[in-house]
Amino acid sequence: MTLEANIPPGAIQDAWDNHRFSVRLVNASNKRRFKIIVVGTGLAGASAAATLAELGYEVQVFTFHDSPRRAHSIAAQGGINAAKDYRNDGDSVFRLFYDTIKGGDFRSREANVYRLAQVSNEIIDQATAQGVPFAREYGGLLDNRSFGGAQVSRTFYARGQTGQQLLLGAYQALLRQVAAGKVRLHTRTEMLDVVVHDGRARGVVVRDLLTGEVSSHSAHAVVLATGGYSNVFFLSTNAKASNATAIWRAHKRGAALANPCFTQIHPTCIPQSDDTQSKLTLMSESLRNDGRIWVPDGDRGRDYYLERRYPAFGNLVPRDVASRAAKAMIDEGKGVGPRKNGVYLDFADAIERLGVHTIRERYGNLFQMYERITGEDPYRVPMRIYPAPHYTMGGLWVDYDLMTTIPGLYAIGEANFSDHGANRLGASALMQGLADGYFILPVTIGDHLAPLLGEQPLSTSEPAFQAAEAEVADGVRTLLETNGSHSVDHFHRELGRVLWEQCGMARNGAGLTQAMAEIAAMREQFHADVRVLGDGESLNQSLEKAGRVADFFELAELMCRDALHREESCGGHFRSEHQTPEGEALRDDDHFSYVAAWEYGGKLDKEPLTFQNVRPTQRSYA
C-alpha cells in the first residue's frame, strides 16, 4: 500500500488557502445530485452532516443512540482551544501549532496540525453565532482559561459542560436540515460493514438495534465520525457504548489503521472504587487550573510533585507527563484513599485566594458531580484523582483531505489519527472534531465527488452489497448460536485487565509479547465459549456488546503489535526500556519518525514525518 498524504506544496502558512483554491468543486446546483453517508453524530459527525446538507448534498446520518444529543462529545467538559489571543499573552496560530506538535511528541503531520490551528478561530465564531454560551469576562469578551501543555490562556469554555453546549449547537444545525428534508436521520442503527466495490467505498451495511433488520445503504461517499476505542481497556472514561466497530470493519475492508498504540491516559479521573466497577468518571482537566496536586510525604508534609518537577508548567503539564508522575507516586507507596490508588487535587488555596463564589462559577457542576459519586465535598476536602484510559490518538489513516486509503471513505474527529501525534493536549479534541466537520471535510470532499457527476450510487441489489449483508447476518447468527458459558463482560473485563497491565501507562517488550499470546488465546475462547442471551429480532444489548468485543480482541492484538515494534518512548506510548535518567520519554527520531499504518493482516506501511517549521527536541516542561 502506498501512503499518499497529498500535502500541498509551498509554505505551511499558505497551504490550506492554496489547497482550497486547487481542489475540484461541485457546482451549487449539482450538489443535490450527490448522496453522502455520515456515521456518528458527535461533534464531528453532526457538524459535518449539517454543513454538507446546508451546502446542498443529500445526506443520510446513522447513530446507534436514540438521539444525536447522546453522543459522547457531551463528556468533553473542560473547553476548546483557539488562537484568538484575547488575553494578549503572546498566543498566535503558530504558537498553537507548535504547542500541539510538541505536545504530541513530534509524531504528527505538520501540515494537518497547522491547518487545525488556523481553523480554530473560525470555530469559536461559528459556535458563538449559534448561541453556545461561552463564559465571558466583565468587559464582554469571551473568557479563556489555561490547559495542560500551554503557557497561554487559549481555552474557551462554558463552565464544566463545554462539549455538551457545543454539541447542542451542532445538533440544532443538524435538526434544522432534518426538518428541511436534506438529512435523513437513522437512530438506533449500528453500522457493521463498509461496502467496497471497484476500489471505492459505495455504502454501508447497518443493523436496526430495535428489530434486528440488516439493510444496505448506498452513497457516493461515506464519512466515519464514530470516535475512539479506549473502551478496549474495559475500564475507561468513555461511555459504555463507545466502541471501535465502525473503524475496525473499515480496516478489514482495506482502510489502513495508524498508530493504534498511541492511547491517552487522562490524569484527572476518580479512582476505581472496587473490582466490579465497569466505568470510570473523568474530572475535567480544567480543574488543574486552580487545583494543586499533591501526595503526603511523611515528616515533610505535602509533596506538590508536579510543581517540584516541572516548575515552568506546574500542574498544567501535558496529560501523559502528569499521568506517569501520578503513577510514580502510587508506586512509591504514597497513594491516598481507601485503596491507596489516588493523589490529591486540592482547591483550598484557590478558595482562599479567589473565594468560594468564583470557584463555584468556574467548576460548580464538576464539584457537584464529584460529591454525588464519592460522597465527599471538594469545597471542604481535596478531590482524589488517578489516571485512566481516555482518548485515542490512533485511528484510521487519512490524507490531507481526510480520506482513508479507501477512495470515497473519509474519517473525521477521533476516528482518524491525523492531528495529535502520540499525545493529545487538553481541549484539542473539540477543536479537531469541529474543524473537520464544519470547515475541512465540506471543502475537500468535493474533490472526490466532482468527477462522479452523473454517476448514480451503486444499487444495493448488486452482489457487493448482498455479500456484505450476508456476512453481517452470519456474524450475528454465529454469536447467538455459540451458547457458551461466560458472559460478554467476562471476556471484555479479562481483555481489559491484560491490556491495561501490559499496554497501559507503561509497556515493555516482554510484557507486550506475553499480552499478544494471552489475547490470541482469549479471542479463541471467546468465540468458542461466549454466551449471548436473547435473540436477534429485538433490542439486545448483550448481542451489541458481543460484536464490539469481538472487534476489540483483534484491535487489542494490533495495539500490542504496534507498541512492540515501536522501540522508543513518545507521548502516551512509554516503553520502560526507553527513558531518560529523569524518567521521561526518550524518542528515537532516527528510526521512528513516521506514522505506522497497518494493513489488515499485519503488514506495516510507513509515512515518513518531516519537520520543516519546527525542530524536534526532547520535550521539557521544567
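Residues numbered from 1 in each chain as written. Predicted model: local features only at pLDDT ≥ 70, side-chain atom pairs only at ≥ 80, totals over all residues. Heavy atoms only, no water.

Student: Just checking my understanding: could you explain the environment of Asp589 for this structure?
Tutor: Structurally, the position occupied by Asp589 is in helix α16 (residues 589-592). Put simply, Asp589 and His420 are 169 residues apart on the chain and 17 Å apart in space, counted from C-alpha to C-alpha. When residues no more than four places from it in sequence are discounted, the contact partners of Asp589 are Arg107 and Pro616. A polar atom in the side chain of Asp589 sits 2.9 Å from the side chain of Arg587. (Helix = DSSP H or I, 4+ residues; strand = E, 2+ residues; numbered from the N terminus. Contact = heavy atoms within 4.5 Å. Polar contact = N/O pair within 3.5 Å; in protein donor to acceptor, adjacent residues only side chain to side chain.)

Student: Mind showing me how you'd approach helix α10 (residues 356-374) here?
Tutor: Side chains of residues three or four places apart in an α-helix project in the same direction, reflecting 3.6 residues per turn. Taking 1.5 Å per residue, 19 residues should reach 27 Å; α10 reaches only 20 Å between its end C-alpha atoms and comes up short. At Tyr363, α10 shows its largest kink, close to 85°. Those residues of α10 lying buried are Ile359, Tyr363, Gly364, Leu366, Phe367 and Tyr370. In this structure, the buried side of α10 is in contact with α9 (348-354) and β15 (383-392). Gly375 sits one or two residues past α10 and shows a positive phi near 75°. (Expected span 1.5 Å × (residues − 1). Bend = angle between axes of the 7 residues up to and from the residue. Buried < 20%, exposed > 50% of the residue type's maximum accessible area, 1.4 Å probe, protein only.)

Student: Is there a simple way to explain the packing of aromatic side chains in this structure?
Tutor: Aromatic ring pairs are reported here in terms of the distance separating the ring centres and the angle at which the planes meet. Counting across every chain of the model gives 19 aromatic pairs. A ring pair is formed by Trp16 and Tyr400, whose centres lie 6.2 Å apart and whose planes are at 65°; its orientation type is edge-to-face. In this pair, Trp16 is assigned in helix α1 (residues 12-22) and Tyr400 in the loop between β16 (395-396) and β17 (409-411), connecting sequence segments 384 residues apart. A centroid spacing of 5.8 Å and a plane angle of 80° characterise the contact between Tyr86 and Phe156, whose relative ring orientation is edge-to-face. (Phe/Tyr/Trp six-rings, centres within 6.5 Å; stacked < 30°, edge-to-face > 60°.)

Student: Is there a simple way to explain the pairing of strand β19 (residues 604-608) in this structure?
Tutor: Remark: a regular strand shows side chains that alternate across the two faces of the sheet. Alternating positions in β19 separate cleanly, Asp605 and Glu607 being buried on one face and Leu604, Lys606 and Pro608 remaining unburied on the opposite face. Sheet analysis places strand β18 (residues 594-598) next to β19, joined by five bridges and oriented antiparallel. In the sheet register, Tyr594 faces β19, and the bridge partner there is Pro608. Counted along the chain from β18 to the antiparallel partner β19, the turn is five residues long, and its residue Gly601 has a positive phi close to 110°. (Pairing = 2+ DSSP bridges.)

Student: I keep staring at the sheet that holds β19 and nothing clicks. Help me out?
Tutor: What links the strands of a sheet is backbone hydrogen bonding, and the strands pair in either a parallel or an antiparallel sense. Across the sheet, which stays open at both edges, the four strands sit in the order β16-β10-β18-β19 with antiparallel pairing between neighbours. At either end of the open sheet lies a strand with only one pairing partner, and these are β16 and β19. Relative to β16, strand β10 (residues 257-258) runs antiparallel, the two being bridged by two bridges. Bridge assignment links Ala258 to a residue of β16, and that residue is Gly395. With respect to the sheet, helix α15 (residues 541-565) is in contact with β10, β18 and β19, its orientation differing from that of β18 by roughly 145°. (Axes fitted to C-alpha atoms, helices over the stretch in contact; angles between N-to-C directions.)

Student: Would you mind going over unusual backbone geometry with me for this structure?
Tutor: As a rule of thumb, non-glycine residues mostly have phi less than zero, and peptide bonds are mostly trans rather than cis. One non-glycine residue, Arg159, lies in the positive phi region at around 50°. Counting through the fold element by element, Arg159 comes out in the loop between β4 (155-156) and α5 (162-179). Here the phi dihedral of Phe234 falls at roughly 70°; this positive angle occurs in a residue that is not glycine. In this structure Phe234 comes out as buried when scored by relative accessible area, which is 3%.

Student: Just to check I follow, could you spell out the pattern of salt bridges for this structure?
Tutor: Close approach of charged atoms lets side chains of opposite charge pair. Taken as a whole, this structure holds 52 salt bridges when the rule is applied. Here Arg324 ties to Asp320 by a salt bridge, and the two come within 3.7 Å at their closest N and O atoms. Note that Arg324 and Asp320 are positioned in helix α8 (residues 319-331) at a spacing of four residues, about one turn of the helix. Neither residue differs from the other here; Arg324 and Asp320 are each classed as buried. A salt bridge links Arg575 to Glu577, with the shortest nitrogen-to-oxygen separation between them at 3.0 Å. One network of salt bridges, with partners in common, ties together Asp105, Arg107, Asp320, Arg324, Arg566, Glu568, Arg587, Asp589 and Arg619. (Salt bridge = Lys/Arg side-chain N within 4 Å of Asp/Glu carboxyl O.)

Student: Help me understand the sheet that holds strand β6 (residues 189-197), please; the structure alone is not making it clear to me.
Tutor: Strand order in the open sheet formed by three strands is β6-β7-β8, with antiparallel pairing between adjacent strands. Two strands lie at the open edges of the sheet, namely β6 and β8 (214-218), each paired on one side alone. The mean inter-strand angle of the sheet, taken between neighbouring strand axes irrespective of direction, is 30°. The sheet contact formed by β6 and strand β7 (residues 200-208) spans eight bridges and is antiparallel. Looking at β7, one finds that His197 is bridged to Arg200. Together, β6, β7 and β8 form the strand contacts of helix α12 (residues 463-481), whose direction differs from that of β6 by roughly 140°.

Student: What's the story with the environment of Thr610 in this structure? I'm lost.
Tutor: Looking at the secondary structure, you find Thr610 in the segment after β19. Exposure remark for Thr610: the relative accessible area of 55% places this residue in the exposed category. Through-space distance from the C-alpha of Thr610 to that of Ser593 is 7.9 Å; in sequence the pair is 17 residues apart.

Everything listed here is a matter of coordinates, which is why it stays silent on function.
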